[in-house]
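Commentary on secondary and tertiary structure
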Amino acid sequence: MRIRMRGCRGSTPVPGTDTVRYGGNTTCIEVTTNAGEKLLFDAGTGIRKAGLDLMQNAPVAVSIFVSHTHWDHIQGLPFFVPLFVPGSKVDFYGGTDPVYRKNLREILAQQMQYCYFPVRENELKADITYTTLAEGETVRVGSAEITTIVLNHPVLNYGYRVTADGGTFLFTGDYEPPINIYSPDDEEYEDYQEMIDARRENVVSFVKGIDALICDAQYTVEEYPEKVGWGHGTFDSCLELADRAGVGRLYLTHHDPMRTDDQLDAIYADILARRKGLSDGPEVIMAHEGLEFEVGAPAS
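In this report, the structure presented in the accompanying data block is examined.

What counts as what
- Residues numbered from 1 in each chain as written.
- Predicted model: local features only at pLDDT ≥ 70, side-chain atom pairs only at ≥ 80, totals over all residues.
- Heavy atoms only, no water.
- Axes fitted to C-alpha atoms, helices over the stretch in contact; angles between N-to-C directions.
- Helix = DSSP H or I, 4+ residues; strand = E, 2+ residues; numbered from the N terminus.
- Parallel < 35°, antiparallel > 145°, perpendicular 65-115°, else oblique.
- Left-handed = near helix turned anticlockwise from the far one by under 90°.
- Contact = heavy atoms within 4.5 Å.
- Nonpolar A, V, L, I, M, F, W, Y, C, P; charged D, E, K, R; others polar.
- Core = buried A, V, L, I, M, F, W, Y, C linked by side-chain atoms within 4.5 Å.
- Buried < 20%, exposed > 50% of the residue type's maximum accessible area, 1.4 Å probe, protein only.
- 1 Å grid on protein atoms, 1.4 Å probe; cavity = no way out; pocket = protein on both sides within 12 Å on 5 of 7 lines; lining within 4 Å.
- Points joined across faces, edges and corners; volume = space filled by probe spheres on them.
- Pairing = 2+ DSSP bridges.

1. Points about the packing of helix 3 (residues 189–207) against helix 4 (residues 235–245)
- The N-to-C vectors of helix 3 and helix 4 enclose an angle of 60°; their axes lie 9 Å apart at closest approach. With respect to helix 4, the axis of helix 3 lies oblique. The way helix 3 lies across helix 4 gives a crossing that is right-handed. Two secondary-structure elements touch here, helix 3 through Arg 200, Glu 201, Val 203, Val 204 and Val 207 and helix 4 through Glu 240, Leu 241, Arg 244 and Ala 245.
- Of the residues belonging to the contact of helix 3 with helix 4, the class tally is five nonpolar, no polar and four charged.

2. Here's the deal with the nonpolar core
- One finds Phe 41, Phe 65, Ile 146, Phe 169, Ile 214 and Phe 293 to be the most contacted residues of the largest nonpolar core, which totals 29 residues.
- Elements with a minimum of two residues in this core: strand 1 (2–7), strand 2 (28–32), strand 3 (38–41), strand 7 (138–141), strand 8 (144–150), strand 9 (158–164), strand 10 (167–171) and strand 11 (212–216).
- For this core, the element with the highest residue contribution is strand 9, accounting for four residues.
- Dropping the residues within four chain positions of it, Phe 65 is found in contact with Leu 39, Leu 40, Phe 41, Asp 42, Tyr 93, Leu 133, Val 139, Val 141, Ile 146 and Tyr 160.
- Formed by 27 residues, the second largest nonpolar core is a distinct cluster that contains Ile 149, Cys 215, Leu 239 and Ala 242.

3. Here we look at empty space enclosed by the protein
- Tallied over the full model, the rule gives three cavities of 30 Å³ or more.
- Considering only enclosed or pocket space, the largest cavity measures out at about 120 Å³ in volume.
- Every residue lining the largest cavity is listed: Tyr 175, Pro 177, Arg 200, Val 203, Val 204, Ser 237, Glu 240, Leu 241 and Arg 244.
- Of all the secondary structure elements, the ones that give two or more residues to the lining of the largest cavity are helix 3 and helix 4.
- By residue class, the composition of the lining of the largest cavity is five nonpolar, one polar and three charged.
- One number sums up the size of the second largest cavity: a volume of about 100 Å³.

4. A closer look at the sheet that holds strand 6 (residues 127–132)
- Taken in spatial order, the seven strands line up as 6-5-4-3-2-1-14 in an open sheet, and their pairing is mixed. A single partner strand is all that each edge strand has here, and the edge strands are strand 6 and strand 14 (292–294). Between one strand axis and the next, the sheet turns by 20° as a mean value, whatever way the strands run.
- Relative to strand 5 (residues 89–94), strand 4 (residues 61–65) is paired through five bridges, and the arrangement is parallel. Within strand 5, the residue paired with Val 62 across the bridge is Val 90.

5. A word on unusual backbone geometry
- Put simply, Ala 58 and Pro 59 share a cis peptide bond, and its omega is 0°.
- One non-glycine residue, Ser 11, lies in the positive phi region at around 75°.
- Counting through the fold element by element, Ser 11 comes out in the loop between strand 1 and strand 2.
- Phi is positive for Arg 101, which is not a glycine, with a value near 55°.
- Topologically, Arg 101 is positioned in the loop between strand 5 and helix 2 (104–110).

In structure tokens form, the structure reads like this:
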């Protein structure tokens with residue numbers, strides 16, 4: 001299967017001269033299986049251009065998996081052209097908000113209410129379906145098999161493990177490795193730490209042995225203490241997960257909107273320098289908009 005990064009930015013789109021190389025569009029990942037199935041993971045502003053390209057071979061049939069419904073992961077949907085075209089088929093997959101008890105359709109329709117957007121959800125012309133997924137559930141889209149895992153974030157967030165064409169990758173969505181909220185001298189510390197350790201081990205087991213990991217690396221270690229609880233990982237937390245799980249390749253994404261191209265270059269150079277000479281571990285790639293790569297057997 002072929003993977004194309006349509007958007008690598010976190011939180012908000014940031015077009016401009018300082019973000020040209022890595023891109024300013026928010027999260028969207030396009031997957032094309034060898035059998036020709038089209039899957040999209042998240043619907044940030046990067047999905048707009050994906051939709052325009054898909055329309056070159058209309059009518060469009062595409063499955064969209066939403067990791068979570070924060071704006072930077074859904075805000076491109078009102079500009080996804082296939083939704084407006086009769087004959088197109090768009091299948092959505094995602095979770096239900098456990099706090100407000102709203103399903104994916106209700107949440108996505110809200111951002112297309114008349115006060116926000118001139119075309120309402122019930123006026124869209126494509127054949128649209130919505131499937132609610134549970135944690136650990138596996139669904140099949142043609143030749144691809146997709147399995148969910150709940151990953152730590154301030155809203156329900158699914159990581160998606162995708163297997164097709166003899167290869168497997170995992171997209172974390174937004175993921176902050178859980179930490180102990182108690183101090184070591186608190187009575188609750190040890191019990192809570194056992195729970196944290198178990199959750200982290202569960203993630204490692206879910207990721208173990210995959211070919212590629214596309215991981216939320218919004219912060220540096222130095223920035224993280226002021227961002228605890230915001231729901232994002234660091235470059236180093238992604239490296240730790242990839243190392244422990246024996247991942248083949250690690251793609252660092254969800255770049256902070258304040259981060260310039262030059263700053264990302266410097267961070268990447270530091271990562272490569274620190275890992276120089278390691279006998280094992282994943283190949284590390286700083287993801288950028290437009291990046292394409294293969295997982296599994298290439299299409300014949």
